[in-house]
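Single-letter residue listing:
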Protein chains: 2
Amino acid sequence: MIGDPGGGFVSPTFDQVIRIGRPVTPENGGERKPVRIEEVARIAGVSPITVSRALHQPGRVSEEKRLKVQQAVEVTGYASNPHARALRSGRSNIVAAFVSNIVSQQFGLAVQGCAEVLEPRGFQLMIGQTSYSYARETSMIQSLLALRPAAVLFTGVVELEENRSFLRELGVPVIETWAFPPDPIDMLVGFSNTDGGRMVAQHFAAQGYRRVAFIGRSGGRGLLRLAGFRDGVRSAGLKLVAELSLDTVSGLSDGQRALNQLLDSHEKIDAVFCANDLIAMGALLEASRRGLNMPGDIAIAGFGDSDLAAEIPPGLTTIRMDCRQIGRRAGEMLLARLNGETDGSSSETVALELVKRGST
Amino acid sequence: MIGDPGGGFVSPTFDQVIRIGRPVTPENGGERKPVRIEEVARIAGVSPITVSRALHQPGRVSEEKRLKVQQAVEVTGYASNPHARALRSGRSNIVAAFVSNIVSQQFGLAVQGCAEVLEPRGFQLMIGQTSYSYARETSMIQSLLALRPAAVLFTGVVELEENRSFLRELGVPVIETWAFPPDPIDMLVGFSNTDGGRMVAQHFAAQGYRRVAFIGRSGGRGLLRLAGFRDGVRSAGLKLVAELSLDTVSGLSDGQRALNQLLDSHEKIDAVFCANDLIAMGALLEASRRGLNMPGDIAIAGFGDSDLAAEIPPGLTTIRMDCRQIGRRAGEMLLARLNGETDGSSSETVALELVKRGST
DNA sequence: TTGTACGCGTTATCAG
DNA sequence: CTGATAACGCGTACAA
């Protein structure tokens with residue numbers, strides 16, 4: 001931690017109920033004036049600074065005064081003004097979270113997991129949507145960072161080098177997630193797409209399928225998943241009959257078309273690994289339409305465990321990444337750093353899980 | 001607007017690039033000290049307060065000084081410290097948004113729409129998840145409100161009377177969405193579930209279906225949709241053959257079971273209105289499984305236009321609520337209020353749209 | 001362990 | 001239209 005020679009960030013911990021101002025009673029005529037530290041101090045019979053310490057550095061205050069302060073806080077419903085704190089200390093209790101798309105279920109879960117960990121410790125997650133746009137990302141970074149966040153979370157990786165170095169110099173804990181960039185800004189929580197592909201191959205082998213195929217996009221994560229799949233196929237001695245590459249995937253129809261193409265041009269395919277669930281569900285629907293039984297005639301596996309993977313008959317076998325867990329771990333790592341328990345950058349992998357359903 | 005006799009809230013408008021501190025150059029040795037208003041004032045040859053006014057109340061400053069300030073701002077990359085502003089003015093540029101579940105696509109879209117409108121005007125959306133829990137809602141309200149937000153948005157309606165009156169007395173614009181409570185806290189943007197049901201009935205009539213049925217949950221929004229459906233059925237002279245009520249709806253299987261029950265106990269049903277898309281998709285899958293052609297043998301319509309409604313063959317006819325538009329309108333109404341352009345509470349309805357697909 | 005003095009960066013107020 | 005002054009509420013630094 002920079003700028004804090006005193007031994008790490010003391011996270012705000014409010015055990016009391018946080019309430020702004022006292023309850024409105026007939027006596028104060030509907031006025032809802034925030035309680036200030038001075039009043040708490042008066043009631044507790046101590047100085048304002050002792051109140052501050054009692055709340056944020058309980059160890060530095062005698063038990064006796066600490067209790068008095070606690071009582072006074074409860075009576076008044078005092079909650080410190082976060083802006084005044086941030087102004088004075090140069091750091092707020094806000095954690096800035098950047099997502100490329102708020103509406104994405106996966107990113108949503110990650111944010112949710114992170115909030116679960118951070119909120120009980122008094123931090124507020126401030127979410128900014130970068131909309132898969134460098135310009136937006138840059139501008140969001142600038143305006144959220146004006147709030148002097150205690151830490152910064154990205155669901156994803158910061159791509160623009162300009163932003164990476166800006167964040168590096170900011171002197172605030174930064175955590176990236178999802179992927180594994182060669183040179184992380186600071187901390188990292190991700191999962192291995194390659195591992196996921198490998199797991200599917202192993203599963204196919206364990207189920208006794210021999211002739212397997214792959215359908216996926218021709219770039220990005222899909223390639224990593226394919227790499228792992230190939231590796232697993234080789235180790236298990238399976239036969240990779242075909243690799244079908246799609247330029248874009250925009251709907252179920254892409255998966256449907258791909259499966260048809262695959263089945264029409266290759267004989268006897270036991271199992272197909274689709275690099276994501278959307279493709280897989282399309283393939284699944286098409287297999288049903290062709291009257292194929294799953295997994296008897298053909299087995300299909302996806303990647304991502306999307307919403308409907310469990311719902312769509314006969315249930316799609318898929319790789320689940322625990323997005324909420326990614327968020328939770330990210331939150332925990334940030335907390336550890338903010339409390340000065342860890343130092344330096346660290347990187348972690350969240351395990352994937354193969355969810356077996358009716359399709360294999 | 002409370003506490004601002006001077007004529008409404010002046011929204012922060014930063015046309016310049018918001019940058020914190022000047023670029024790091026070898027000369028300043030990696031130090032990234034925030035630029036303060038004083039320095040901008042010195043460079044522009046005016047007083048700090050004039051800089052402040054030039055940025056936030058351009059009308060009150062002479063053109064000449066305004067330009068000088070603008071230049072100085074560009075040179076330094078000045079951006080005001082939001083905490084200092086909030087501390088002094090008692091109001092931040094933060095808009096608190098409460099959602100019951102971040103991961104929900106619909107709420108996500110609403111938040112997205114609202115952010116689209118508010119962010120260009122210099123506001124930051126701070127999202128809090130209430131997790132469908134009163135306790136969480138109360139605690140989130142208290143801690144987000146400590147940030148003295150400029151306004152408050154709810155995707156949904158505040159149910160707890162204690163929180164409603166708290167928000168009412170807060171003196172900050174509040175906007176609720178989605179439903180129409182009898183006694184809104186302040187402003188409101190919603191859509192009419194009843195209208196949606198009516199639209200489906202009219203569509204069924206227009207398509208020539210006569211004998212229709214309803215499947216839905218036995219409470220909440222489902223009932224409103226049923227009410228509208230009944231009304232439309234009556235007006236159009238259709239025959240409502242059956243109303244099937246479900247206690248809970250947790251997966252596609254509920255819809256599948258419901259359709260079976262319906263078809264097994266009633267003869268010749270032309271069309272079924274399912275009160276939400278999950279039920280409808282279950283029914284759709286089951287109809288396919290039974291070998292029924294859609295819409296020839298049976299027509300099915302849903303409500304909500306969820307992700308897969310367009311994808312699932314033959315395409316689900318459904319009622320689309322434009323969630324992003326709800327958010328956008330909410331943002332616009334908040335802005336108008338913050339700028340003092342409107343006064344008093346107002347309430348608005350966002351139109352629904354029937355999306356016709358293969359299932360009808 | 002406790003308290004005093006001061007400053008964080010900005011804007012409200014009021015006088016010019 | 002412009003500027004001087006004070007204050008927003010809290011925490012750091014230092015002294016007791």
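From a predicted model like this one, the values you see are computed outputs, not experimental measurements. (Residues numbered from 1 in each chain as written. Chains lettered and ligands numbered in written order. Predicted model: local features only at pLDDT ≥ 70, side-chain atom pairs only at ≥ 80, totals over all residues. Heavy atoms only, no water.)

Student: Describe the protein's contact with DNA strand C, naming the residues involved and giving the relevant values.
Tutor: By nearness alone, 20 residues border DNA strand C, and R36, I37, S52, Y78 and R85 of chain B come closest of all. Taken together, the sugar and phosphate atoms account for 65% of what DNA strand C places within 4 Å of the protein. Between R88 of chain B and DNA strand C, the recorded distance is 3.1 Å, taken from a side-chain N or O atom to a sugar or linking oxygen. Contributions of two or more residues to the surface near DNA strand C are made by α2 (48-56) and α4 (82-89) of chain A together with α2 (48-56) and α4 (82-89) of chain B. When the residues that make up the surface near DNA strand C are grouped by side-chain class, the tally is 7 nonpolar, 7 polar and 6 charged. (Near = heavy atom within 4 Å. Polar contact = N/O pair within 3.5 Å; in protein donor to acceptor, adjacent residues only side chain to side chain. Helix = DSSP H or I, 4+ residues; strand = E, 2+ residues; numbered from the N terminus. Nonpolar A, V, L, I, M, F, W, Y, C, P; charged D, E, K, R; others polar.)

Student: An account of the sheet that holds strand β1 (residues 94-99) of chain A is needed here, citing residue identities and associated values.
Tutor: All names here are of chain A. Across the sheet, which stays open at both edges, the 6 strands sit in the order β2-β1-β3-β4-β5-β11 with parallel pairing between neighbours. Sheet topology places β2 (124-129) and β11 (347-349) at the edges, where each strand pairs with a single neighbour. Within the sheet, the average angular offset between the axes of one strand and its neighbour, ignoring direction, is 15°. (Pairing = 2+ DSSP bridges. Axes fitted to C-alpha atoms, helices over the stretch in contact; angles between N-to-C directions.)

Student: An account of the environment of A258 of chain A is requested, with residue identities and associated values reported.
Tutor: Residues and elements named next belong to chain A. Structurally, A258 is set in helix α10 (residues 252-265). On the accessibility criterion, A258 (1% relative accessible area) is buried. As for A258 and S89, which are separated by 169 residues in sequence, their C-alpha atoms are 58 Å apart. Among all residues touching A258, those that are not within four sequence positions of it are I215, L244 and L246. (Buried < 20%, exposed > 50% of the residue type's maximum accessible area, 1.4 Å probe, protein only. Contact = heavy atoms within 4.5 Å.)

Student: If you had to explain the packing of aromatic side chains to someone new, which residues and values would you point to?
Tutor: Residues and elements named next belong to chain A. Here the structure, examined in full by the defined rule, presents 16 aromatic pairs over all chains. Summarising the aromatic geometry, the rings of F98 and F154 are spaced 4.7 Å apart at their centres and angled 15° between planes, so their arrangement reads as stacked. On the criterion of sequence distance, the pair formed by F98 in strand β1 and F154 in strand β3 (residues 151-155) is long-range, its members being 56 residues apart. Of the two residues, F98 and F154, neither departs from the other in class, the shared state being buried. Relative to F273, the ring of F229 lies with its centre 4.9 Å away and its plane at 50°, an arrangement referred to as tilted. Placement of the pair is F229 in helix α9 (residues 221-236) and F273 in strand β8 (residues 271-274), with a sequence separation of 44 residues. (Phe/Tyr/Trp six-rings, centres within 6.5 Å; stacked < 30°, edge-to-face > 60°.)

Student: Outline the UniProt feature "domain: HTH lacI-type" (unreviewed entry) in chain A, supporting the account with residue identities and numerical values.
Tutor: Here the UniProt-annotated "domain: HTH lacI-type" (unreviewed entry) positions come out as residues 35-89 of chain A. Along residues 35-89 of chain A the backbone is 71% helical and 0% strand, and the end-to-end C-alpha distance reaches 20 Å. (UniProt positions renumbered as here; feature names shortened; annotations may be inferred.)

Student: An account of the protein's contact with DNA strand D is requested, with residue identities and associated values reported.
Tutor: If you check the shell around DNA strand D, you find 21 residues, and the closest are I37, S52 and R85 of chain A together with T50 and R88 of chain B. Near the protein, meaning within 4 Å, the atoms of DNA strand D are sugar or phosphate in a fraction of 65%, with bases accounting for the rest. Within the backbone of I37 of chain A, an N or O atom sits 2.6 Å from a phosphate oxygen of DNA strand D. Between T50 of chain B and DNA strand D, the recorded distance is 2.6 Å, taken from a side-chain N or O atom to a phosphate oxygen. Broken down by class, the residue content of the surface near DNA strand D amounts to 7 nonpolar, 8 polar and 6 charged.

Student: How would you summarise the interface of chain A and chain B if you had to cite specific residues and measurements?
Tutor: Often, the extent of an interface is quoted as the loss of accessible area upon association of its parts. Each partner contributes to the interface: chain A provides 48 residues, whereas chain B provides 47 residues. Carbon and sulfur atoms supply 65% of the area buried between chain A and chain B, which totals about 4,400 Å² over both sides. Where chain A packs against chain B, one counts 2 salt bridges. In this structure, E119 of chain A and R136 of chain B form a salt bridge, with 3.3 Å as the shortest nitrogen-oxygen distance. In this structure, the connection of chain A to chain B is made through 11 residue pairs in polar contact (both at pLDDT 80 or more). Among the elements of the structure, α4, α5 (105-118), β2, α6 (134-145), α7 (161-169) and α10 of chain A are those that each provide at least two residues to the side of chain A that touches chain B. Of all the elements, α6 of chain A adds the most residues to the side of chain A that touches chain B, at 6 residues. (Buried area = accessible area lost by both parts, 1.4 Å probe. Salt bridge = Lys/Arg side-chain N within 4 Å of Asp/Glu carboxyl O.)

Student: Could you give me a rundown of the side chain of S192 of chain A, with the residues and numbers involved?
Tutor: Residue and element names in this part refer to chain A. On the secondary structure map, S192 appears in the loop between β5 (187-190) and α8 (193-206). Overall, the relative accessible area of 18% leaves S192 in the buried class. Within the local environment of S192, its side chain forms a polar contact with the backbone nitrogen of D195, the two atoms lying 2.9 Å apart. Apart from the residues within four sequence positions on either side, S192 is in contact with F180 and L352.

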